[in-house]
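Now for the letters of each chain:
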Amino acid sequence: MGKIIKIVIGILAAVILLGVIAVGVLTALFDPNDYKPEIETLAKEKANIDLSVGGDIDWSFYPWLGLSIADVDVRFVDQPELANLSKAQLAVNIPALFSGKVQMDSILIEGLSLNLTKDKDGKVNWQQPTADSVATTDAEPTSPNTEPQDSSGNNQPLSLDIQSISIKDGTVTYIDQQTQQQVTLNNLTINSGQISDGNVFPLDIAADLTQQQNNKQTLAAKISATANITLDLENQQYTVQDFNSDVTLEAEKLIKLHLETDLVANLAQNRVVVESWIAQLSNLKASGHVTIEDLNTLKMTGSIKTDTFALNSVLEELGLPIIDVTDNGAFNKMNFVSQFTGDAKTIQTDSLAITVDDTKLNGSASYSLETGRADLALSGNSIIVDRYLPPSNKSAGEAKSITDSSEAKNHGYSKEAVIPVDALKPLNFGASLKMQSITYNKMPIGNVDVSIDARNGLIKLNRANLTMYSGSIATSGSLDVRKSPARLTVNKKINGLQLGEMLTALNGSAPITGALSTTAAVTANGVSVYDIVNSLNGTANVGLQNGVIQGIDMAQQLCQTMNNLSALGQLSTAESVDSSTPFAKMGGNFTIKNGVVSNNDLSASLDAMSLSGKGDVNLPQRTLNYGLGLMIKENLFKQSCSVNNKLEGVEWPVLCKGGFDEAPAKLCKPDTNAIKDMLKAALTDKVKNQVKDEVKSKVEDKLKEKLGDGDSVKGLIKGLF
């Protein structure tokens, strides 16, 4: 038995020795470089790949199956170069493979250059051309795998053990010829520690990023990242811990972005959990979490919030222009909080909270990744808009420059486009805002409710409702830029607005006061103020109650004109005094045609008189030609002015004619020509009556001398006169 064992051991030793000798002879006599042409031909025939191996191929067989290759170029046939590398080497332990383990020495890749290109027709160089793919498929049809699958559950995953992975001096370039954009990662370096199943290993990544648009650099950044990775191959679970990344953007100022996170990916469950992430840009810090429930549909839930930050400080550190506002304390306390859900088609949130200083906004938002549609609905407490407006001196300067322009002097309306048609056409969003109160230009505004919808070049103002100065305003309309010229439609209803209070808040004084109620429906075409004013059409009804017209006392001015006439014997208009004309109600219906506002039924009940009117207001020419009729009321008028009773109840004309820049007292005056004609007619009647009385008296005296004083004489006189 002992001899038999010795014989077996000797035979085994001989076999091993012969194997070692065979491997040595094989590696010494077989040179893989002799087979480069065959390797390149096989790659082209089987994979449609142009493969060029310019350097040497070195290999070892046992106990490590090693391969080293240099100067390799790869591309699909008739496509731009896809990749090349200077050197790559790896080695696998053969005995470990026999025991179900993948044990590898360090993997080294040097000088990898990956070039991804999309041409002007949208074709990419990292996919095989369709025709070639079809031809290959037709030429060499593949048969489905009909071998029975092992369902016994005895198949165990391979155990992985790689000493390290090192990628040095790598470059990745993406060129899009359609958009003239190029993105490049230079100096790409990736290093890992020992990679083994179930054990933590470190991973370091670094690269330089540049972006070009139309051959002009638009972005440059340095990127670095570190993490600890754990691979659980059996359960297909992969963990990333202590991920830290720093991105330094190279601009006029260095901009630094820092990101921290932990991540667990379970491919068996199609699930990824980003347990927590923190991102910091300047003094803007954000954090949150994300859970992807299904990698196929990207169904997800998550949250995001920011710490309180100052907006202008962030903009300044980013090298962007700050927002110049009246209040230096504006935008200093801002934050954002949201819980969101989504999938591969839509991202949405129903718990959106935004803080802007003292303003709290809450609402919902959604974005469609398929259509690019965005929807936002917010409601808030209050905001003082004046704090966020540009300083008043800048606004005044800008307004002055517009007023002094040559186009502004041409009837006061600019022909420069104020509606950006090209920017409005692609808009696809819906937005609504509700605010309890807003202060704008020191005017208190309440119960704000605004809703806008824009899609396919049609922008709809569904509603813009608010309350102010004891009244309410409701507005709706649309702007249609789908075809030229753009068309504007506005519908407005005002009820009980105290006009005087509003005008005083806006201008410091109010030329007219009263409770304003109006309805209007107007349309216009064009993109400039000039176009809009000249194409304005529509109707309006305006009513004003219990108000005052400041700067002119129509009754007193008319009275003084009458008295001047009596005292001087000629008609002259009285000098206006700093007075006012109160009225009980005023209103009428108006039509608008090509910017000319016409009215034929204006009526008003003024102090001591009534008023009626008709005429035109020419908006394109900035002029008006409007006739008013003033009728003296007997009882009230005598309290402030005494005139002949025969003038009471007579409608006295007042003509308002001139340009918009004239003062009301000079713009509206009694129509002296019409009044003069009326007075002439009245005097003529008076003279006629006086002559008639004198003739009658003289005739009566003569008849008495001849016929005596009797009834027959009176009857005769009565018959003559």
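Further up the page is the structure itself.
First things first, this report covers the structure right here in the doc. (Residues numbered from 1 in each chain as written. Predicted model: local features only at pLDDT ≥ 70, side-chain atom pairs only at ≥ 80, totals over all residues. Heavy atoms only, no water.)

1. Observations concerning the overall build of the protein
- The secondary structure content of the protein amounts to 15 helices and 35 strands.
- A burial count over the protein gives 31% of its 721 residues as buried.
- If you sum the accessible surface of the protein, you get close to 42,600 Å²; carbon and sulfur atoms cover 55% of it. (Helix = DSSP H or I, 4+ residues; strand = E, 2+ residues; numbered from the N terminus. Buried < 20%, exposed > 50% of the residue type's maximum accessible area, 1.4 Å probe, protein only. Areas by Shrake-Rupley, 256 points an atom, 1.4 Å probe, with all protein chains shown as cover.)

2. A word on the side chain of aspartate 453
- As for its placement among the helices and strands, aspartate 453 is situated in strand β24 (residues 443–455).
- Those residues in contact with aspartate 453 that lie beyond four places of it in its chain are Arg373, Phe429, Gly430, Leu458, Ile459, Lys460 and Asn462. (Contact = heavy atoms within 4.5 Å.)

3. Examining unusual backbone geometry
- Residue proline 485 is bonded to the preceding serine 484 through a cis peptide linkage, with omega at 0 degrees.
- For proline 485, the position within the fold is in the loop between β26 (471–480) and β27 (487–498).
- Backbone geometry places aspartate 169, a non-glycine residue, at a positive phi of 50 degrees.
- In this fold, aspartate 169 is placed in strand β9 (residues 165–176).
- Notably, asparagine 447 is not glycine yet its phi reads approximately 50 degrees, a positive angle.

4. Brief notes about the packing of aromatic side chains
- According to the stated counting rule, one finds two aromatic pairs in the structure shown.
- Relative to tyrosine 174, the ring of tryptophan 126 has its centre 6.5 Å away and its plane inclined at 50 degrees; by these criteria the two rings are tilted. Here tryptophan 126, found in the loop between β7 (113–118) and α4 (130–139), pairs with tyrosine 174, found in strand β9; they are 48 residues apart in sequence, far enough to count as distant.
- For tryptophan 126, a relative accessible area of 33% corresponds to the partly exposed category.
- Note on tyrosine 174: relative accessible area 24%, which makes it partly exposed.
- When the ring centre of tyrosine 413 is taken as origin, the NZ or CZ atom of arginine 622, which lies over that ring, is 5.8 Å away. (Phe/Tyr/Trp six-rings, centres within 6.5 Å; stacked < 30°, edge-to-face > 60°. Lys NZ or Arg CZ within 6 Å of the ring centre and 35° of its normal.)

5. Topic: the pattern of salt bridges
- Scanning all chains against the criterion turns up ten salt bridges.
- Measuring nitrogen to oxygen at the nearest pair gives 3.0 Å for the salt bridge that ties arginine 463 to aspartate 449. With arginine 463 in strand β25 (residues 458–468) and aspartate 449 in strand β24, this pair connects stretches of sequence that are 14 residues apart.
- Accessibility expressed as a relative area gives 29% for arginine 463, which makes it partly exposed.
- Judged by its relative accessible area of 17%, aspartate 449 falls in the buried class.
- For the salt bridge of aspartate 480 with arginine 482, the shortest nitrogen-to-oxygen distance reads 2.8 Å.
- Given a relative accessible area of 17%, aspartate 480 falls into the buried group.
- Through salt bridges with shared partners, a single network forms among Arg373, Asp375, Asp453 and Arg455. (Salt bridge = Lys/Arg side-chain N within 4 Å of Asp/Glu carboxyl O.)

6. With respect to a negative patch on the surface
- A grouping of Asp31, Asp34, Glu38, Asp56 and Asp58 is seen on the molecular surface, where their side chains present a negatively charged patch.
- With respect to the helices, strands and loops of the structure, aspartate 31 is situated in the loop between α1 (2–29) and α2 (36–47). (Patch = residues over 30% accessible without salt bridge, like charges linked within 9 Å, V, L, I, M, F, W, Y side chains within 5 Å. Lys, Arg positive; Asp, Glu negative; His and termini not counted. Charge placed at Lys NZ, Arg CZ, Asp CG, Glu CD.)

7. With respect to helix α9 (residues 499–507)
- The set of residues buried in α9 consists of Leu499, Gly500, Met502 and Leu503. Viewed end-on, α9 has its buried residues packed into an arc of 160 degrees, placing them on one side of the element.
- On the buried face of α9, the contacting elements are β24, β25, β27, β28 (515–525) and β29 (537–550).
- Glycine 508 sits one or two positions beyond α9 and adopts a positive phi of about 90 degrees. (Arc of directions from axis to C-beta.)

8. Quick notes on the environment of threonine 539
- With respect to the helices, strands and loops of the structure, threonine 539 is situated in strand β29.
- Placed 59 residues apart in sequence, threonine 539 and serine 598 show a C-alpha to C-alpha distance of 9.6 Å.

9. Side note on the pairing of strand β16 (residues 271–281)
- Bridging between strand β15 (residues 254–266) and β16 involves ten bridges; their strand directions are antiparallel. Among the inter-strand pairings, leucine 259 is bridged to a residue of β16, identified as alanine 279.
- The antiparallel pairing of β15 with β16 creates a hairpin that spans four residues between the two strands, and asparagine 270 there sits at a positive phi of about 60 degrees.
- Sheet topology note: the β16/strand β17 (residues 284–294) ladder contains eight bridges and is antiparallel. When the bridges of β17 are listed, alanine 279 appears paired with alanine 286.
- In this antiparallel pair of consecutive strands, β16 and β17, the connection spans two residues, and serine 282 shows a positive phi of 55 degrees. (Pairing = 2+ DSSP bridges.)

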